[in-house]
Amino acid sequence: MSKDAVYTAQVAAHPEATATPADAGDAGYSKDLKARHVNMIAIGGAIGTGLFLGAGGRLHDAGPALALAYLVCGVFAFFVVRALGELVLYRPSSGSFVSYAREFLGEKGAYVAGWMYFLNWSTTGIADITAIALYTHYWSLFTSIPQWVLALIALAVVLAVNLISVKIFGEMEFWFAIIKVATLVGFMLIGIFLLATQHDVGGHTPGLSMITDHGGVFPHGLMPVVLVMQGVIFAYAALELVGVAAGETAEPEKVVPRAVNSIMWRVGLFYVGSVVLLALLLPGSVYSGDQSPFVTVLSKIGVPAAGDVMNLVVLTAAMSSLNSGLYSTGRILRSMAMAGSAPKFTRVMSRSQVPYGGILLTCAVCVLGVGLNYLVPSQAFEIVLNVASLGIISTWVIIMICHLIFVRRARAGQVTRPHFRLPGSPVTEIATIAFLLACLGMMWNDPEVGRKTLLLIPLIALMLVAGWFGVRRRVVRNTDGELSKLTN
């Protein structure tokens, strides 16, 4: 029985009720996130491990054309978050797109959306703790400590912080984001100074010659640029946090539009601007996947502490991403558990109104990532990055499908669209879905990791089907219980 049935019963039983059905998973949360928290969560979602660590290896593979890849993916990422922002203003929910999938696609849609998002963030968490361990190894003091030990320590610290309260989470993300933005602005000012003064950078003179004399914009052709697209999508993977956070803020109608609209210029400035600057300072071949490109540049300009400072900052960025992942999956899993499609313990909340059951489940999967760091420390980051891409691409596709159905119902007079809207519907949604599926298909051209990742899709589908048959009776019971409450 779908959410539509509950909605119909609600309207029939209470004609004066609003046209937007409530989500049982939204009960019990505090509204402690303020405008500055949500704005900085949006910034933090747009600036993370994908830029600070991932850009190094991608610059090496794709060259300066990486800036174009970030721009194209950034436009489609903005379309997704704009569509989600419209749905949030229609009905704020901590269950976010899972709650909207329940309303517009039924319980099966919510089930798939939720567990694919869990796959995304649990594997992203593994990528984050891997990144933290790699960053820490930059300092000789920690090189003797195994990568998996550092990953385990990082996970334990972030878990402890996340379990305190949403207000503490919001404050931490606020200051994490402030540090990331301030550092990026500082780096860009230094980079512009180096460029303007033609200051030597590791034996190279910065300028257009760094591009023209080293193979041009596409030094290795078009295919490497195509291959990095799914990794670039991963770089934007936390933008949807705005939708989750909106369920715990008192004034989403004021906060969300401002946060969503600011994402586009941040993408242009921080992602595209940073990559262009990096390409002008050093040849792409100098950058590598095991070191932040910002650390690479600062280490070569003769300031001994510059690389250490930047490395500390990108370490906090990875911690921020891990913190956000635990936060969002805790809320998503609780929304699913209230409907019966996630384990019962994930619906449990602490006295400080934190859904710790879901947070602990995500943390448990991240512990598996500690094992991955033990077995294949050199490949751990790329492996989980590609698996996470499956989760985020499916999540974004579901958001756009939900928005298509929402717009169709609005045109039929069943719901009312807010003034804050995704422009160009339905062309925008269809183009975004096509682009995301194309990015998924591009992974086949990477036989080392991408192709193996795609071969996981049938296994993931089989697990989802088996899981659905395991929970469907509980889902039906929960839906029937909700219907009886509304009609009695």
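Our next topic: a positive patch on the surface. A cluster of basic residues, Lys-108, Lys-344, Arg-347, Arg-472, Arg-473 and Arg-477, forms a positive patch at the surface. Among the elements that take part in the positive patch, helix 20 (residues 457-487) stands out by supplying three residues, more than any other. Positionally, Lys-344 belongs in the loop between helix 15 (306-339) and helix 16 (356-375). On the accessibility criterion, Lys-344 (58% relative accessible area) is exposed.

What follows is about the nonpolar core. In terms of nonpolar packing, the biggest core is built from 150 residues, with Tyr-70, Trp-115, Phe-187, Ile-233, Tyr-236 and Trp-396 touching the most fellow members. No other element matches the 18 residues that helix 6 (residues 96-136) contributes to this core. If near-sequence neighbours (up to four positions away) are discounted, Trp-115 is found in contact with Leu-333, Met-336, Ser-341, Ala-342, Pro-343, Leu-361 and Leu-464. With six residues, the next largest nonpolar core counts Ile-126, Phe-234, Val-384 and Ala-388 among its residues.

It is worth spelling out the pattern of salt bridges at this point. Enumeration over the complete set of coordinates arrives at three salt bridges. Two residues, Arg-417 and Glu-86, come together in a salt bridge whose shortest N-O distance is 2.5 Å. Of the two residues, Arg-417 is situated in the loop between helix 17 (380-411) and helix 18 (427-442) and Glu-86 in helix 5 (residues 66-90); the sequence distance between them amounts to 331 residues. For the salt bridge of Arg-102 with Glu-107, the shortest nitrogen-to-oxygen distance reads 3.3 Å.

Okay, the environment of Ser-394 next. Along the polypeptide, Ser-394 turns up in helix 17. Sequence separation of Ser-394 and Ala-113 is 281 residues, and the distance between their C-alpha atoms is 7.4 Å.

With that settled, consider the packing of helix 6 against helix 15. The interhelical angle for the contact between helix 6 and helix 15, taken along N-to-C directions, is 155°, at an axis separation of 8 Å. With respect to each other, helix 6 and helix 15 are oriented roughly antiparallel. Judged by the twist between their axes, the crossing of helix 6 over helix 15 is left-handed. The class makeup of the residues in the contact of helix 6 with helix 15 is 20 nonpolar, 12 polar and three charged.

This part covers the confidence of the model for the chain. Across the chain, pLDDT averages 82, with 89% of residues at or above 70. Across the chain, the secondary-structure element scoring lowest on mean pLDDT is helix 1 (residues 3-13), at 39, and the one scoring highest is helix 18, at 93. Of the regions scoring below 50 in pLDDT, residues 1-21 engages in 38 contacts with residues more than four places distant in sequence or in other chains.

So, on to helix 5. With 25 residues, helix 5 extends 36 Å from end C-alpha to end C-alpha; this agrees with the ideal 36 Å at 1.5 Å per step. Of all the 25 residues making up helix 5, 19 are buried; the element is thus mostly covered by neighbouring parts of the structure.

Applying the stated criterion to the full structure yields 14 aromatic pairs. Here the aromatic rings of Phe-174 and Trp-175 are separated by 5.1 Å at their centres, their planes lie at 90°, and the arrangement is edge-to-face. A centroid spacing of 4.8 Å and a plane angle of 90° characterise the contact between Phe-187 and Phe-294, whose relative ring orientation is edge-to-face. Of this pair, Phe-187 sits in helix 8 (residues 166-197) while Phe-294 sits in helix 14 (residues 293-299), placing them 107 residues apart in sequence. Since its relative accessible area comes to 2%, Phe-187 is described here as buried. In textbook terms, an aromatic cluster arises when at least three aromatic residues are bridged by ring pairs, as seen for Tyr-70, Tyr-236 and Tyr-271.

Definitions and limits used
Residues numbered from 1 in each chain as written. Predicted model: local features only at pLDDT ≥ 70, side-chain atom pairs only at ≥ 80, totals over all residues. Heavy atoms only, no water. Patch = residues over 30% accessible without salt bridge, like charges linked within 9 Å, V, L, I, M, F, W, Y side chains within 5 Å. Areas by Shrake-Rupley, 256 points an atom, 1.4 Å probe, with all protein chains shown as cover. Salt bridge = Lys/Arg side-chain N within 4 Å of Asp/Glu carboxyl O. Lys, Arg positive; Asp, Glu negative; His and termini not counted. Charge placed at Lys NZ, Arg CZ, Asp CG, Glu CD. Helix = DSSP H or I, 4+ residues; strand = E, 2+ residues; numbered from the N terminus. Buried < 20%, exposed > 50% of the residue type's maximum accessible area, 1.4 Å probe, protein only. Core = buried A, V, L, I, M, F, W, Y, C linked by side-chain atoms within 4.5 Å. Contact = heavy atoms within 4.5 Å. Axes fitted to C-alpha atoms, helices over the stretch in contact; angles between N-to-C directions. Parallel < 35°, antiparallel > 145°, perpendicular 65-115°, else oblique. Left-handed = near helix turned anticlockwise from the far one by under 90°. Nonpolar A, V, L, I, M, F, W, Y, C, P; charged D, E, K, R; others polar. pLDDT = per-residue confidence, 0-100. Expected span 1.5 Å × (residues − 1). Phe/Tyr/Trp six-rings, centres within 6.5 Å; stacked < 30°, edge-to-face > 60°.

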